[in-house]
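# Observations on the model geometry
Next come the chains, spelled out residue by residue.
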Amino acid sequence: MFWAIENNVQKQLTFSAIFYTIQQTSLSGCAVKSKGKKNERERKMHRTKKRLAALLATVLLLTLSLVSCTGDEVSQAASQAESGSGLPVPHLGEADLDGFQLTFVIDSGESQFHLSQYSAGELLNEPVNDALYERNQIIQNTYNCKIDVLPTVVGYEMMAKIEPMVLASTEDFNVIGSPILYSADFSKKGYYQNFLELENSQLRLDADYWDQGLIRDASVAGTLHFLTGDLLVGDNLALSCIYFNKSLISEYGLQSPFDHVRADTWTFDVFSEYVRNNAHDDGDGVMGVDGNDIWGLIGIPQTLIDIMWGYGLKTTVKDNDDIPHINLRDETFTTRYAEAFELLSDRDSCCIDVLFFEWNDPDIKKVYEQFDQGKALFQAATLGYTEDLRDAEISYGIVPFPKYDENQDQYYSPTSVYASGYISIPYYNNDIYETTFILEAMSYLSEKTVTPEFYERTLKNKRLQDDDSPEMLDLISASRTYDLSIIYTWGEFYVENTYNLVAGTNTYTARVDSIYSSMESAMNDTIALFNQ
């Protein structure tokens, strides 16, 4: 314990000393000059200061690695630093961005690192915030640039607020960060540039620090308008999974979901049996949210679609030419949807929010409080829910969404389209080299310093409560998946799915028939736009 405290103090002192030196040696290099050119003497001076800043940045990166490593890990970290030849992002080489400012315009949010994941304003002695701050400082001081963030309003209001600015080619921001569901509206209007065809781009889109699931699933006709990955901590918090109450699992004598996952027996049949057989009322004969009833599952209408994604089934599928096709009339999809619908529409075992309250009823929050009050066996939610559970007095674990059966090749993890953490470049941004250079540097350094601090230490060691959930987290994170029609709201199937659940009777085929034509038309319009 005392060793940990001593190392933490030493770490903060080291950070402070290094950053003071970097700031002093390269302060003038970060100034933006609006007129004129540097003379040769100034250029030589700046190059000298920049190299010193880069060297000190490498020392900082090594320090970040050493404070949490021992033995072989130390040697590995040192080797990695030496291979960089004094540059924090070796493959980008030396560069002077001449004071270029990259500004993210983002939606408002209440999650812990919503703002700081783009640009942390100061050191707060909070490990993740400070790693984010240090990442940006390294980039700004080494490459003579500035990184800023412009917060606005909630996602669905943000797009309407900034649309006039985008149409006017504003200079107030050059990258847009938003939930993908709302940002897709700009994509359909042609407001974004294609990440797959950017001229002079510095992005290494095949690198692991960019979300390869998104790059694979969210492109249409060779056009990709969204990116996420280690650049933002929000990409991890957007992943959906199943939370379970470990105390209730033990009390009811049930086999742990952890064991089922490892044995590849975590299937819909097992999950459904657990949900149905272990929900019970408190004696008044009525299931509700105000008493002491125990629910089998807490969720939202999207949970039904997430279950389908967990099977690897999507509302659209793409061919070899990256062209999407509607999958809603596929027999396997239709059959398995009906089975999932039967479970989630069972009001004696499942508490789906809109089945008990109108979506705008303030009391709907009672549904989301059931699990953290110990009154539910399972909850379907994103990893962002771990923030809400920090003060909850329950013992919980996480597992991926179940497979359909044991023959399924792998687990698949849905990704919330409502969560923040996706970036796009507006059509008028002509500074592609500078913009992508900084984005690439942020992503590369995040993988080295931010992700270990957030994913490994904060998420795994602080928010998750046992030795099993971190293993499950790796499995969930490695199998993320996206669905184009949900992102682009073609036909608004997710709305029809909600109406279907509220009605309580599965009229899936009729509902699909009613939207199929409009869905196909909207999808083809998007394809045509991207093919121009």
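Residue positions within a chain follow its written sequence, with the count starting from 1. A pLDDT threshold of at least 70 governs which residues receive local features in this predicted model, and a stricter bar of 80 or more applies before side-chain atom pairs are shown or counted, although totals over entire chains, interfaces and linings include all residues. Computation of side-chain values covers all heavy atoms of the structure but excludes hydrogens and water.

## Some points on the sheet that holds strand E3 (residues 175-178)
In short, DSSP must find at least two bridges between two strands for them to pair. The way it works is that DSSP assigns letters per residue, a run of H or I at least four long becomes a helix, a run of E at least two long becomes a strand, and they are numbered from the N terminus. A sheet is described by the order of its strands in space; here 4 strands give the open sequence E2-E1-E3-E12, paired in mixed fashion. Each edge of the open sheet carries a strand with a single partner, namely strand E2 (145-151) and strand E12 (422-424). Averaged over all adjacent pairs, the angle separating strand axes in this sheet is 25 degrees, with direction ignored. Of the pairings in the sheet, the one linking E3 to E12 comprises 3 bridges and is antiparallel in character. The partner of Ile176 across the bridge, within E12, is Ser424. In this description, contact between two residues means that some pair of their heavy atoms is separated by no more than 4.5 Å. Helix axes use the C-alpha atoms of the stretch in contact, all axes being lines fitted to C-alpha atoms, and the angles between their N-to-C directions lie in the range 0 to 180 degrees. Each of strand E1 (100-106), E2, E3 and E12 touches helix H17 (residues 432-463); the most contacted strand, E1, lies at about 70 degrees to it.

## Brief notes about the pairing of strand E4 (residues 240-245)
Looking along a regular strand, one sees the side chains alternate between the two faces of the sheet. Remark: exposure states derive from per-residue accessible area (1.4 Å probe, protein chains only) relative to the maximum for the residue type, with buried under 20%, exposed over 50%, and partly exposed in between. Counting buried residues in E4 gives 6 out of 6 residues, a clear majority hidden from the surface. The alternating pattern of E4 places Ser240, Ile242 and Phe244 and Cys241, Tyr243 and Asn245 on opposite faces, both of which are buried. Here E4 runs beside strand E9 (residues 376-382); their pairing, made up of 5 bridges, is antiparallel. Bridge pairing in E9 places Tyr243 opposite Gln379. Relative to strand E10 (residues 396-399), E4 runs antiparallel, the two sharing 4 bridges. Directly across from Asn245, in E10, lies its bridge partner Tyr396.

## What to know about the packing of helix H5 (residues 127-143) against H17
As a packed pair, H5 and H17 sit with axes 9 Å apart at the nearest point and diverge in direction by 165 degrees. In this view, H5 runs roughly antiparallel relative to H17, as classed from their interaxial angle. You can see that H5 and H17 cross each other, and the crossing is right-handed. Every residue of H17 that contacts H5 at Pro127, Val128, Ala131, Leu132, Arg135, Asn136, Ile138, Ile139 and Tyr143 is listed here: Phe437, Ile438, Ala441, Met442, Leu445, Ser446, Thr449, Val450, Glu453, Phe454, Thr458 and Lys462. Here the angle decides the label: under 35 degrees means roughly parallel, over 145 means roughly antiparallel, 65 to 115 means roughly perpendicular, and every other value means oblique. The crossing is said to be left-handed when, going from far helix to near helix, the turn is anticlockwise and less than a right angle, and right-handed when the turn is clockwise.

## Examining the packing of aromatic side chains
To pair, rings of Phe, Tyr and Trp, with the six-membered ring standing in for Trp, must have centres within 6.5 Å; the planes then decide the type, stacked if under 30 degrees apart, edge-to-face if over 60, and tilted in the middle. For the coordinates displayed, the defined rule picks out 33 aromatic pairs. Both rings, one in Trp295 and one in Phe356, keep their centres 5.4 Å apart while their planes meet at 80 degrees; by these two values the pair is edge-to-face. Pair noted here: Trp295 is in strand E5 (residues 295-299) and Phe356 is in the loop between strand E8 (350-352) and helix H15 (365-372), with a separation of 61 residues, a long-range link. Since its relative accessible area comes to 0%, Trp295 is described here as buried. Relative to Phe341, the ring of Tyr337 lies with its centre 6.4 Å away and its plane at 25 degrees, an arrangement referred to as stacked. Placement of the pair is Tyr337 and Phe341 together in helix H14 (residues 331-344), with a separation of 4 residues, close to one helical turn. In this structure an aromatic cluster arises from ring pairing among Phe186, Tyr191, Tyr192, Phe226, Tyr427, Tyr428, Tyr488, Trp490 and Phe530. In this structure, Arg336 packs its charged tip against the face of Tyr404, placed 3.7 Å from the ring centre. Lysine and arginine charges are scored as sitting over a ring when NZ or CZ, respectively, is within 6 Å of the ring centre and within 35 degrees of the ring normal.

## What about unusual backbone geometry?
Of all residues except glycine, most have a negative phi; of all peptide bonds, most are trans. For Ala221, which is not glycine, the phi dihedral falls at a positive 55 degrees. The exposure class of Ala221 is buried, given its relative accessible area of 15%. A positive phi angle, near 70 degrees, is found at Asp322, a position not held by glycine. Mapped onto the elements of the fold, Asp322 is located in the loop between strand E6 (316-318) and strand E7 (324-326).

## A look at the pattern of salt bridges
Basic side-chain nitrogens of Lys or Arg form a salt bridge, by our definition, when they fall within 4 Å of a carboxyl oxygen of Asp or Glu. For the structure on display, the rule yields 20 salt bridges. With its nearest N and O atoms 3.7 Å apart, the salt bridge here joins Glu387 to Arg463. Taken as a pair, Glu387 in helix H16 (residues 385-388) and Arg463 in helix H17 lie far apart in primary sequence, 76 residues in all. Arg463 shares its class with Glu387; the two are buried. The partner of Arg511 in a salt bridge is Glu496, and the shortest N-O contact between them spans 3.1 Å. A residue pair is termed long-range when its members are at least 10 positions apart, and Arg511 in helix H21 (residues 508-531) and Glu496 in helix H20 (residues 493-503) qualify at 15 residues. Glu496 gets classed as buried once you look at its relative accessible area, which sits at 16%. Within this structure, Asp259, Arg262, Asp468 and Glu471 form a network of salt bridges that share partners.

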